[in-house]
Amino acid sequence: MTGRPAAVLAREAAGADLMVLGSRGLGSVRGFLLGSVALATIVRTGRPVVLVRPEHRPGPGIRGESGAADDHAAAAGSVVVGVDVRETCDATLDFAFGEAALRGGRLRAVHCWSLPPFGRDALALDMARREMLPDIARGLRNVLAPWRQKYPSVEVAEFTPVGGVSDRLLRSAAGAALVVVGRRMRTARAGARLGPVAHAVIRHCTAPVAVVAHD
């Protein structure tokens, strides 16, 4: 085919269920080298796009501070999806649950959140975390409820870690077979843009990453 690569790929993807793009690998530390064609293709199409690193093999979870495998990354080979309970992400969840059903029925849903600032008062931070966590967990459970009913064969594990979204989601994605993130279909003054979380996950995640557009 002739034409600008991103425009041609986006046009072809318009009638497809899924577009898959390869990536030059830079090792396990840096992850994807997100080229201009891949980025431009992702933001031009409303269809799901999966980016795959060369020779990816699902591996064990990373080590936490305790020395044991991180609880959020213990299930190698599962599908991991980042969930924002404050936004409608039906397309992202439908894709993630569908992929989990095809891959053995294991899904890890991760919603990351932050505590209000308390300076260095560790006790106040711990109390705030204990008070807020039940509502946070309930919000995630409510968002996932319709999809549990639609995909009853999928075994869902829910996680609500505290911390930066990109960092915690990347930790939770260690060893995954596929990581699913959403992106808003919005256009800034400088043109279509990829959100900071999706961009960070694409650049640093060693697993294949699916970017799913939603309103």
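For clarity, every value in this text was computed on a predicted model and none was experimentally measured. (Residues numbered from 1 in each chain as written. Predicted model: local features only at pLDDT ≥ 70, side-chain atom pairs only at ≥ 80, totals over all residues. Heavy atoms only, no water.)

(A) Region of the structure containing the environment of T206. When you line up the elements, T206 lands in the loop between α6 (196-204) and β9 (209-214). For T206, a relative accessible area of 30% corresponds to the partly exposed category. (Helix = DSSP H or I, 4+ residues; strand = E, 2+ residues; numbered from the N terminus. Buried < 20%, exposed > 50% of the residue type's maximum accessible area, 1.4 Å probe, protein only.)

(B) Here's a closer look at the packing of helix α5 (residues 165-172) against α6. Look at α5 against α6: their axes get within 9 Å of each other, and the N-to-C directions meet at 40°. Judged by the angle between their axes, α5 and α6 are oblique. When you trace α5 past α6, the crossing you get is right-handed. Residues V165, S166, L169 and L170 of α5 form the contact with α6, whose participating residues are P196, V197, A200, V201 and H204. (Axes fitted to C-alpha atoms, helices over the stretch in contact; angles between N-to-C directions. Parallel < 35°, antiparallel > 145°, perpendicular 65-115°, else oblique. Left-handed = near helix turned anticlockwise from the far one by under 90°. Contact = heavy atoms within 4.5 Å.)

(C) Spotlight on the pattern of salt bridges. Going through the model one piece at a time under the given rule, you end up with 6 salt bridges. R86 is the salt-bridge partner of D84, the closest N and O atoms lying 3.0 Å from each other. For D84, a relative accessible area of 23% corresponds to the partly exposed category. R138 is paired through a salt bridge with D135; the nearest N and O atoms lie 2.5 Å apart. In this pair, R138 and D135 are both assigned in helix α4 (residues 122-150), 3 residues apart and thus about one turn of the helix distant. (Salt bridge = Lys/Arg side-chain N within 4 Å of Asp/Glu carboxyl O.)

(D) Inspection of the side chain of H111 at higher detail. Residue position: H111 is located in the loop between β4 (106-110) and α4. With relative accessibility at 4%, the residue H111 sits in the buried group. Among the polar contacts made by the side chain of H111, one reaches the main-chain carbonyl oxygen of V83 at a distance of 2.9 Å. Setting aside chain neighbours within four positions, we find H111 in contact with V83, D84, V85, I136, L140, F159, T160 and P161. (Polar contact = N/O pair within 3.5 Å; in protein donor to acceptor, adjacent residues only side chain to side chain.)

(E) Main features of the environment of V37. Within the secondary structure, V37 sits in helix α2 (residues 36-44). Residue classification places V37 among the partly exposed positions, given a relative accessible area of 37%. Linking V37 and L9, residues 28 residues apart in sequence, is a C-alpha distance of 9.1 Å. When neighbours within four sequence positions are excluded, V37 is seen to be in contact with P5, A6 and L9.

(F) Up close: the sheet that holds strand β2 (residues 49-52). Strand order in this open sheet of 7 strands is β1-β2-β9-β6-β3-β4-β5, and the pairing throughout is mixed. On the outer flanks of this sheet lie β1 (19-22) and β5 (155-159), each paired with one strand and no other. Direction aside, neighbouring strands of the sheet carry axes that sit 25° apart on average. As defined by bridge partners, β4 adjoins β5 across 5 bridges and the pair is classed as parallel. Pairing of V110 across the sheet is with F159, part of β5. Docked against the sheet, α6 engages β2, β6 (178-184) and β9, running at close to 150° with respect to β6. (Pairing = 2+ DSSP bridges.)

(G) How the structure looks around α5. Of the positions making up α5, those classed as buried are R168, L169 and S172. Buried residues along α5 cover an arc of 100° about the axis, so they all sit on one side. The inward-facing, buried residues of α5 abut β3 (79-82), β4, β6 and α6. (Arc of directions from axis to C-beta.)

(H) The arrangement of the confidence of the model for the chain in detail. Here the chain shows a mean pLDDT of 79. Residues at 70 or above account for 76%. Ranking the elements of the chain by mean pLDDT puts strand β7 (residues 187-188) last with 54 and helix α3 (residues 90-102) first with 95. Note that pLDDT drops below 50 for residues 26-33; the model gives that stretch 28 contacts with residues more than four away or on any other chain. Confidence over residues 59-74 falls short of pLDDT 50; this stretch has 32 contacts with residues more than four positions distant or in other chains. (pLDDT = per-residue confidence, 0-100.)

(I) A look at the pairing of β4. Burial analysis of β4 places 4 of its 5 residues in the buried class, the great majority of the element. Summarising the sheet, β3 and β4 pair through 4 bridges and their orientation is parallel. Note on β4: the bridge partner recorded for G82 is V110. Regarding the hand of the β-α-β motif, the stretch spanning β3, α3 and β4 is right-handed. (Right-handed = clockwise from strand over helix to strand, strands pointing away.)

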